[in-house]
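As a plain string of letters, each chain reads:
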Amino acid sequence: VKGRHGGYFLASRTFELPELKLLVDAVQSSKFLSERKSMQLIAKLETLASQYAAGSLRRQVTVAGRVKTMNESVYYSVDLLHEAIQKNSRITFRPGLYAASPYALCWQDENYYLIAHSERHGLTHYRVDKMASISLTGEPRYMDAQMRDLDLSEYGKNVFGMFAGSREQLRL
């Protein structure tokens, strides 16, 4: 915007400072991102703030018991799996050599899970940080009536809900 006394200034930004702080906190506290990748992402988020406000984004959020991953591959695996879903492509991955038809990524209990169909297990899920050497085959995903009608929120409740409930003290 043109200033009253000449010159120009940035009247508004895409993100407000509190929004950027929230994003920085989420990146910093995420255990699936390595410390190095977290710092790279935070540096990029800082470019969305003024040079004066950027300093307030450099803060350390600590979450009790949180261990950052040493493996940056999850970051790239998630991107590759999104690509496979978008391109309707089957994938292969290790350990061993698994083949699956990916349908969705789910974030549950601090981990990414791939919801997929495999010939070996039918409809199942895999922890993304345990998957390696992911590649798109270019073959179309397996699709039947169950997969077309898959309610991902219901699947998540049924599968990941097994950890819901209250804690109990047991003596064995």
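Residues numbered from 1 in each chain as written. Predicted model: local features only at pLDDT ≥ 70, side-chain atom pairs only at ≥ 80, totals over all residues. Heavy atoms only, no water.

Peer 1: Please explain the side chain of Ser29 as it appears in this structure.
Peer 2: Within the secondary structure, Ser29 is located in helix 1 (residues 17-29). Ser29 sits in the buried class, given a relative accessible area of 16%. A distance of 2.9 Å separates the side chain of Ser29 from the backbone oxygen of Asp25, its partner in a polar contact. (Helix = DSSP H or I, 4+ residues; strand = E, 2+ residues; numbered from the N terminus. Buried < 20%, exposed > 50% of the residue type's maximum accessible area, 1.4 Å probe, protein only. Polar contact = N/O pair within 3.5 Å; in protein donor to acceptor, adjacent residues only side chain to side chain.)

Peer 1: What is the right way to read the sheet that holds strand 1 (residues 89-94) from this model?
Peer 2: Pairing between the strands of a sheet comes from backbone hydrogen bonds, and it takes one of two forms, parallel or antiparallel. Spatially, the 5 strands line up as an open sheet ordered 4-3-2-1-5, and their pairing is antiparallel. Edge positions in the sheet fall to strand 4 (122-127) and strand 5 (132-140), since each has one partner strand and no second. In this sheet, adjacent strand axes meet at a mean angle of 45 degrees when their direction is disregarded. Seen against the sheet, helix 4 (residues 73-86) touches strand 1, strand 2 (98-108), strand 3 (111-118) and strand 5 and runs at an angle of roughly 115 degrees to strand 2. In this fold helix 6 (residues 152-160) packs onto strand 2, strand 3 and strand 4, with an angle of close to 70 degrees to the strand it touches most, strand 4. (Pairing = 2+ DSSP bridges. Axes fitted to C-alpha atoms, helices over the stretch in contact; angles between N-to-C directions. Contact = heavy atoms within 4.5 Å.)

Peer 1: Looking at this structure, how should I read the pattern of salt bridges?
Peer 2: Opposite charge on two side chains allows them to pair when their charged atoms are near. By the definition in use, this model includes 3 salt bridges. Among the ionic pairs, Asp129 bridges to Arg127, the shortest N-O distance being 2.6 Å. By relative accessible area, which is 29% here, Asp129 ends up partly exposed. (Salt bridge = Lys/Arg side-chain N within 4 Å of Asp/Glu carboxyl O.)

Peer 1: Honestly, the packing of aromatic side chains in this entry has me stumped. Any pointers?
Peer 2: The geometry of an aromatic ring pair comes down to the distance between the two centres and the angle between the two planes. Within the structure shown, the criterion is met by 4 aromatic pairs. With 5.3 Å between their ring centres and 15 degrees between their planes, Phe93 and Tyr98 make a pair best called stacked. Look at Phe93 and you get buried, because its relative accessible area is 2%. Given the relative accessible area of 23%, Tyr98 is considered partly exposed. (Phe/Tyr/Trp six-rings, centres within 6.5 Å; stacked < 30°, edge-to-face > 60°.)

Peer 1: What is the right way to read the pairing of strand 1 from this model?
Peer 2: The side chains of a regular strand alternate between the sheet's two faces. Note: strand 1 against strand 5, 4 bridges, orientation antiparallel. Within the sheet, the bridge partner assigned to Ser89 lies in strand 5 and is Pro140. Taken together, the 3 bridges between strand 1 and strand 2 define a ladder with antiparallel strand orientation. In the strand pairing of strand 2, Thr92 is matched with Ala99. Taken together, strand 1 and the strand that follows it, strand 2, pair antiparallel across an intervening segment of 3 residues, in which Gly96 is found at a positive phi of about 70 degrees.

Peer 1: Which parts of the structure should I look at to understand helix 4?
Peer 2: Helical geometry note: an α-helix holds 3.6 residues per turn, so side chains three or four residues apart project in the same direction. Between its first and last C-alpha atoms helix 4 spans 20 Å; for 14 residues at 1.5 Å apiece the expected length is 20 Å, and the two agree. When helix 4 is considered as a whole, its buried residues turn out to be Val74, Ser77, Val78, Leu81, Ala84 and Ile85. Buried residues in helix 4, looked at end-on, bunch into an arc of 125 degrees, giving them a common side. Across from the buried face of helix 4, at angles greater than 90 degrees, the exposed residues are Asp79 and Gln86. Tucked inside the fold, the buried residues of helix 4 contact strand 1, strand 2, strand 3 and strand 5. The first or second residue beyond helix 4 is Asn88, which carries a positive phi of 60 degrees. (Expected span 1.5 Å × (residues − 1). Arc of directions from axis to C-beta.)

Peer 1: Would you take a moment to explain the environment of Met39 for this structure?
Peer 2: Along the chain, Met39 falls in helix 2 (residues 35-46). Met39 sits 15 residues away from Val24 along the chain, and the two C-alpha atoms are 9.4 Å apart.

Peer 1: Hey, could you run me through unusual backbone geometry in this one?
Peer 2: If a residue is not glycine, its phi is most likely negative; likewise, a peptide bond is most likely trans. Cis geometry is found at the peptide bond from Arg94 to Pro95, where omega equals 20 degrees. A positive phi angle, close to 60 degrees, is found at Asn88, a residue other than glycine. Inspection of the secondary structure puts Asn88 in the loop between helix 4 and strand 1. Take Asn88: its relative accessible area is 33%, and that puts it in the partly exposed class.

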